[in-house]
Amino acid sequence: MMTKEISGLRAISESYEIFILDLWGTIYDGEALFPGIKALLKQLKKRDKKVIFLSNSPQLPGIVHQRLERLGLSTLHYDHLVTSGGEAHSQLISMESKGFSVFNGTVFEIGPNRFPNTLPKEKFINAENLSEAEWILNAGPDSEDNQLSDYKELLAMAQKRNLPMLCANPDKIVFHGKEKHLCAGGIAEYYQTIGGHVIFVGKPYPKVFERCMDFATPGKKNKTIMIGDNLETDILGANNFGIHSILIASGVHELVNPKEGGILKGELNRLQKILKVDANYVMPSLRW
């Protein structure tokens, strides 16, 4: 499939009724909203579009909602908010998801200081030391400055004990302003490479997309589009779920020429072939 470049959302807005938007790297950079985002969201709502934010944040939706409020967004700008942390929390309570039976007993948390709410604490006992744990909840690094090397010894010990890991954020890296930061997905990916068992909650896995559609009109997948900056999560997730997608090229893959401003189409095509994904559309940044 040929990915079509568009200059703005206006060009395709009338073809869709439900807009699922990634947050970090798509509408803000971790510090501030990108230019024109408020106006864009107002345009969508003015046209009676359903706007759903879908984030791989390991935080609960209420925490992310508060962050969005600090950035100047309210429920006037969007209809619903789904986070991987919120879904992990819910699934740990219900234990209905496939494979979740392994997450039983004492748990060791990676990232509890930054992400203290992902685990339903009334249901599980925390292990202060990995040697006491029966499974691992990986919400992300405990510090923004942490590197993968900070966790390799811990992960090697966990693998020797065959501890299963629940990853509450499949993103491997994220930009905070101009800086790249490690995410839970990067830790989980390394754990898999050394033989660790991991279950992921979040994009690109279907359950979070199903949750979004619970908030939307049933049977409207053909009128739904996913907008995000990550081929491995946003676009792959849309492909797997059977909905259209728009890649924001300036995000995690840095596919915008820093000097000329145009999209690096050759690099985009190469990455899509490697990752076996196809975005329907691409734009340098999210704009109306």
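The rules behind these values
Residues numbered from 1 in each chain as written. Predicted model: local features only at pLDDT ≥ 70, side-chain atom pairs only at ≥ 80, totals over all residues. Heavy atoms only, no water. Pairing = 2+ DSSP bridges. Helix = DSSP H or I, 4+ residues; strand = E, 2+ residues; numbered from the N terminus. Contact = heavy atoms within 4.5 Å. Axes fitted to C-alpha atoms, helices over the stretch in contact; angles between N-to-C directions. Buried < 20%, exposed > 50% of the residue type's maximum accessible area, 1.4 Å probe, protein only. Right-handed = clockwise from strand over helix to strand, strands pointing away. Phe/Tyr/Trp six-rings, centres within 6.5 Å; stacked < 30°, edge-to-face > 60°. Lys NZ or Arg CZ within 6 Å of the ring centre and 35° of its normal.

K.L.:
Tell me about the sheet that holds strand β1 (residues 4-5), and please be specific about residues and values.
P.N.:
Pairing is parallel across the open sheet formed by seven strands, whose spatial order is β1-β13-β12-β11-β2-β3-β4. At either margin of the open sheet sits one strand with a lone partner, and together these are β1 and β4 (80-83). Contacting β3 (50-55) and β4, helix α2 (residues 61-70) runs over the sheet at an angle of about 125° to β4. Packed on one face of the sheet, helix α6 (residues 206-214) meets β2 (18-21), β3, β4 and β11 (224-228) and runs near 155° to β3.

K.L.:
Let's hear about the pairing of strand β12 (residues 244-248): which residues, and what values?
P.N.:
The element β12 is extensively covered by neighbouring structure, given that four of its five residues are classed as buried. Pairing of β11 with β12, which is carried by four bridges, proceeds in the parallel orientation. Within the sheet, the bridge partner assigned to G228 lies in β12 and is L247. One crossover worth recording links β11 to the parallel β12 by way of helix α7 (residues 231-241), and it is right-handed.

K.L.:
I'd like to hear about the packing of aromatic side chains, residue by residue, with values.
P.N.:
Two aromatic rings, taken as a pair, are described by how far apart their centres are and by the angle between their planes. Applying the stated criterion across every chain, the model contains eight aromatic pairs. The interplanar angle of 40° and the centroid separation of 4.6 Å between the aromatic rings of F53 and Y78 together place this pair among those described as tilted. In this pair, F53 sits in strand β3 while Y78 sits in the loop between α2 and β4, placing the two residues 25 residues apart along the sequence. With respect to class, F53 is no different from Y78; both count as buried. Aromatic pair F103 and W135: ring centres 5.1 Å apart, planes at 50°, arrangement tilted. With F103 in the loop between α3 (84-94) and β5 (107-110) and W135 in strand β6 (residues 135-138), the pair connects residues that are 32 residues apart, well separated along the chain. In this structure, F103 and W135 share a single accessibility class: buried. Members of the aromatic cluster, joined through ring pairs, are F100, F103, F124 and W135. The residue whose ring lies beneath K221 is F241, and the NZ or CZ to ring-centre distance is 4.1 Å.

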